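# Coordinate inspection notes
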Amino acid sequence: MGKEIAKEHIYPPLKNLFDPLTIESKKVATVVLMLNSPEEEILAKACEAIYKFALKGEENKTTLLELGAVEPLTKLLTHEDKIVRRNATMIFGIMASNNDVKKLLRELDVMNSVIAQLAPEEEVVIHEFASLCLANMSAEYTSKVQIFEHGGLEPLIRLLSSPDPDVKKNSIECIYNLVQDFKCRATLPELNAIPPILELFKSEYPIIQLLALKTLGVITNDKASRAMLRDNQGMDHLIKILEAKELNDLHIEALSVIANCLEDMDTMVQIQQTGGLKKLLVFAENSTIPDIQKNAAKAITKAAYEPENRKFFHEQEVEKCLITLLGSESDGTKIAASQAISVMCENSASKEFFNHQGIPQLVQLLKSDNEEVREAAALALANLTTCNPTNANAAAEADGIDPLVNILSSKRDGAVANAATVLTNMAMQEALRVSIQSRDIMHALIGPLHSANMVVQSKAALTIAATACDAEARAELRNSGGLEPLIELLRSKNDEVRRHASWAVMVCAGDELMAAELSRLGALEILEEINLSVTRKNKFSEVAYNKLLNNHLSLKYSQTGYLSSSNIISDGFYDYGRISPGTKLWPLKDLCLQEPNDLRTILLVNSKSDVSPPPSTEDKSSEVGYGRSISSSSSLRRASKEKASAGFGSPTEEKSEPASGRNTAVSRSAAKEKGSRKSKGKKEEEKQKEEEEVTVVLKWAGEGNQDKEWSPPTDPDFCAYVYEVTKSILPITNIREQIEALAKYVAEKMGGKIPKDKLQDFSWELHISELKFQLKSNVVPIGQIKKGIFYHRALLFKALADRIGISCSLVRGEYGRAWNEVKLMNESQKGLIGGLPPPEEYVVDLMFHPGVLMKLKTKEADRYRFL
């Protein structure tokens with residue numbers, strides 16, 4: 001004891017020295033608090049304890065996050081002590097698998113500190129867990145961006161050569177995640193990443209080999225990476241993997257990489273020269289593993305996008321291989337083989353090969369329960385039948401029409417679009433079109449027309465354009481309710497949809513009933529709006545609009561100021577005057593019910609003898625219905641054309657039937673008018689009677705029973721005109737004499753010859769105003785005008801000429817001018833060698849010298865047409 005006392009006196013204790021204290025903590029919260037200690041030993045032991053705690057499960061990681069351990073740990077990543085830094089890195093490698101921890105780490109911006117742990121001088125353990133942390137973090141897009149921006153890609157590539165397999169695995173996994181982003185992928189060739197990735201094939205760990213293949217599968221989507229892979233003999237490595245049966249778990253991914261590389265022509269040549277392509281085809285055909293067959297077919301598909309590759313594949317008889325794959329039990333293989341066929345048939349020789357084989361198998365796939373299989377098979381048939389009637393026939397002979405029509409109700413847009421394309425290709429042949437129409441095709445297309453997918457809309461409209469080529473098909477489309485969605489597609493912002501919809505409307509407007517229905521549903525207005533736009537209009541929209549206008553001549557004449565010889569004026573036509581494009585033309589009924597005003601008089605052409613249908617006049621109404629004037633005038637038009645082509649002979653057979661028809665149509669309405677000319681007293685009496693008729697008609701139209709159907713005002717005078725010209729002018733055998741006689745007749749009914757110097761004294765305005773007041777309407781029947789100038793006479797001439805088959809046009813000029821143009825053969829040049837010369841155009845004088853024909857583009861004709 002004494003010695004001890006003496007020793008204490010020799011070595012006195014320091015006052016500021018704390019005696020060592022050993023603490024055993026059983027609470028993780030206490031250890032978390034120790035992370036703020038300034039002592040390295042305590043920090044190292046605390047980190048070690050937290051690492052072991054976090055390693056036990058996800059719940060512990062969440063607990064550490066809630067206790068606030070993450071933030072002090074981030075500070076330890078840059079600690080001076082290697083052990084503390086190592087332990088902190090190990091913790092983050094484990095905890096970064098937790099999503100909430102990832103989110104907090106991104107907010108704390110620790111990526112730069114973690115990447116710094118990848119430095120070459122750091123220990124392998126630090127490399128392992130730092131790369132593990134980055135691999136976990138890189139699974140999310142935001143973290144990928146941060147890793148790339150902080151330069152993490154280069155040290156990760158360097159670590160692919162690490163001797164430690166865990167470091168390699170973590171590094172390649174992180175790189176695989178990063179290259180999903182295009183920017184990261186584009187920088188790999190600059191960093192020379194391909195050689196170290198290829199070295200990973202030599203690893204004894206399958207997971208590392210698999211990740212290397214997956215990474216190559218992504219980066220070889222870029223041309224530069226494919227070139228680098230080729231330059232580093234990457235294809236040899238891949239073929240060796242395919243040849244090694246013990247590496248069958250890698251074959252699927254290896255085929256995926258080869259598929260990408262085959263898009264490159266130089267790689268294609270290289271694999272040809274080494275015999276690798278033949279190995280690939282044999283491998284694809286003989287393998288029993290569905291995924292391998294599928295990826296082999298995908299490789300062929302990608303390679304076949306190049307014309308030279310398609311040619312080589314055809315020489316290697318790849319078609320046989322693909323047909324074999326169509327019979328696979330795997331739906332994925334069937335899909336891949338169908339897609340390969342759809343690309344290979346771009347080669348004409350391959351398309352001919354499938355004439356005999358392949359199409360029946362594809363038709364069978366159309367009946368599959370798998371929607372993707374049906375879509376792929378329809379795509380292959382769509383490409384096979386495009387511009388190939390033989391293949392279209394083969395598909396029909398294999399009973400392909402019914403399943404194709406059924407696919408139109410599929411939920412997959414691609415399947416519907418492909419099936420519609422095949423049906424369109426088939427419909428190019430009349431026999432197949434009839435067969436398609438018998439399958440209720442129009443009803444089946446209603447769904448695709450309502451689709452929100454623009455490709456489906458476009459293909460459906462095109463199918464309608466191909467199949468609605470006859471009246472029955474168009475009627476079926478109308479009855480199925482297909483016109484409304486078709487017209488709605490005209491409003492599409494997609495150029496192809498709008499073009500195909502216009503095409504379909506153009507086809508549907510081929511008959512009068514459909515044209516009238518399309519106009520009623522607003523197609524005319526929509527097409528007019530489209531054609532006013534320089535960017536939205538197309539050739540089909542213009543033709544469709546003109547077709548509809550030809551069935552709405554009132555609007556056509558108001559907008560264009562021109563009616564051709566083929567535009568036959570029928571009952572109900574009215575001349576509203578000139579309107580600008582985009583302006584609405586009021587319906588005739590609305591115009592008739594308006595009170596008279598100072599606006600231009602509306603001229604009406606109507607040969608119906610009765611407006612209201614009382615029982616006593618029912619027979620008359622049926623005789624002079626709207627359809628009569630059209631049919632009779634069209635037959636007379638044919639007779640007129642025959643006379644024009646055959647000279648001025650005596651076509652008695654052609655004229656007799658129309659003439660009798662017209663006499664029947666107008667005999668009753670014209671009898672009174674003919675008899676009224678016998679005496680002046682009778683004429684006055686008849687005129688009074690006509691005025692009473694008009695008054696009754698207008699009263700009925702405006703104030704009569706609302707239950708009766710509205711009809712335009714009658715025009716008994718015009719009916720008489722039609723009767724008279726039919727009887728007196730139609731029998732004339734010489735066309736020129738017919739035109740001259742009709743011109744004189746029109747001038748006589750419109751006030752006679754008017755000398756040029758007396759034109760100002762011709763009081764036609766007062767006469768028209770009196771008629772408007774008398775009729776209490778702006779609409780005046782053309783036959784009631786007894787004093788008319790240019791545009792009155794030109795309209796009457798055209799209306800009467802159309803009734804007796806004289807071919808003429810109606811042209812509107814400026815300042816109330818209008819005129820008629822006719823074409824006549826020059827008799828003096830008949831019999832010349834080389835056939836008949838083209839007909840000459842003339843303007844018909846109806847004012848100054850009625851009946852005179854003036855050659856078009858002469859001074860005389862110009863003075864008549866223009867002021």
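Refer to the structure above for everything that follows.
All of the points below concern the structure found in this document. (Residues numbered from 1 in each chain as written. Predicted model: local features only at pLDDT ≥ 70, side-chain atom pairs only at ≥ 80, totals over all residues. Heavy atoms only, no water.)

### Focus on the nonpolar core
A general trend in soluble globular proteins is that nonpolar side chains are found buried together. Counting residues in hydrophobic clusters, the biggest one holds 195 residues, and the most contacted among them are Phe 313 and Met 426. Setting aside residues no more than four positions away along its own chain, Phe 313 makes contact with Met 268, Leu 277, Leu 281, Ile 300, Ala 303, Ala 304, Val 318 and Met 344. Judged by nonpolar contacts, the second largest core, of 60 residues, contains Phe 573, Phe 718, Leu 775 and Val 811. (Core = buried A, V, L, I, M, F, W, Y, C linked by side-chain atoms within 4.5 Å. Buried < 20%, exposed > 50% of the residue type's maximum accessible area, 1.4 Å probe, protein only. Contact = heavy atoms within 4.5 Å.)

### Here we look at the packing of aromatic side chains
Taken as a whole and judged by the stated rule, the model has eight aromatic pairs. Measuring from centroid to centroid gives 5.9 Å for Tyr 721 and Tyr 745, while their planes differ by 90 degrees, and the two rings are edge-to-face. A residue pair is termed long-range when its members are at least 10 positions apart, and Tyr 721 in helix H47 (residues 716-728) and Tyr 745 in helix H48 (residues 735-749) qualify at 24 residues. Relative accessible area serves as the criterion here: at 10%, Tyr 745 is assigned to the buried category. Relative to Phe 848, the ring of Phe 790 has its centre 5.8 Å away and its plane inclined at 80 degrees; by these criteria the two rings are edge-to-face. You can see Phe 790 sitting in helix H50 (residues 790-804) and its partner Phe 848 sitting in the loop between strand E7 (840-844) and strand E8 (853-855), a full 58 residues away along the chain. We note Lys 584 situated over the ring of Trp 586; from NZ or CZ to the ring centre the distance is 5.6 Å. Sitting above the plane of the Tyr 557 ring, Arg 812 keeps its charged end 4.1 Å from the centroid. (Phe/Tyr/Trp six-rings, centres within 6.5 Å; stacked < 30°, edge-to-face > 60°. Helix = DSSP H or I, 4+ residues; strand = E, 2+ residues; numbered from the N terminus. Lys NZ or Arg CZ within 6 Å of the ring centre and 35° of its normal.)

### Considering the environment of Ala 431
Tracing the chain through its elements places Ala 431 in helix H31 (residues 430-437). According to the relative accessible area criterion, Ala 431 is exposed, its value standing at 62%.

### Re the sheet that holds strand E3 (residues 602-605)
A sheet is described by the order of its strands in space; here three strands give the open sequence E2-E3-E4, paired in mixed fashion. The two strands at the open ends of the sheet, each matched to only one other strand, are strand E2 (573-575) and strand E4 (779-781). Sheet twist, expressed as the average angle between the axes of neighbouring strands with direction ignored, equals 30 degrees. Bridge analysis of E3 against E4 gives three bridges, and the strand direction is parallel. Directly across from Leu 603, in E4, lies its bridge partner Val 780. (Pairing = 2+ DSSP bridges. Axes fitted to C-alpha atoms, helices over the stretch in contact; angles between N-to-C directions.)

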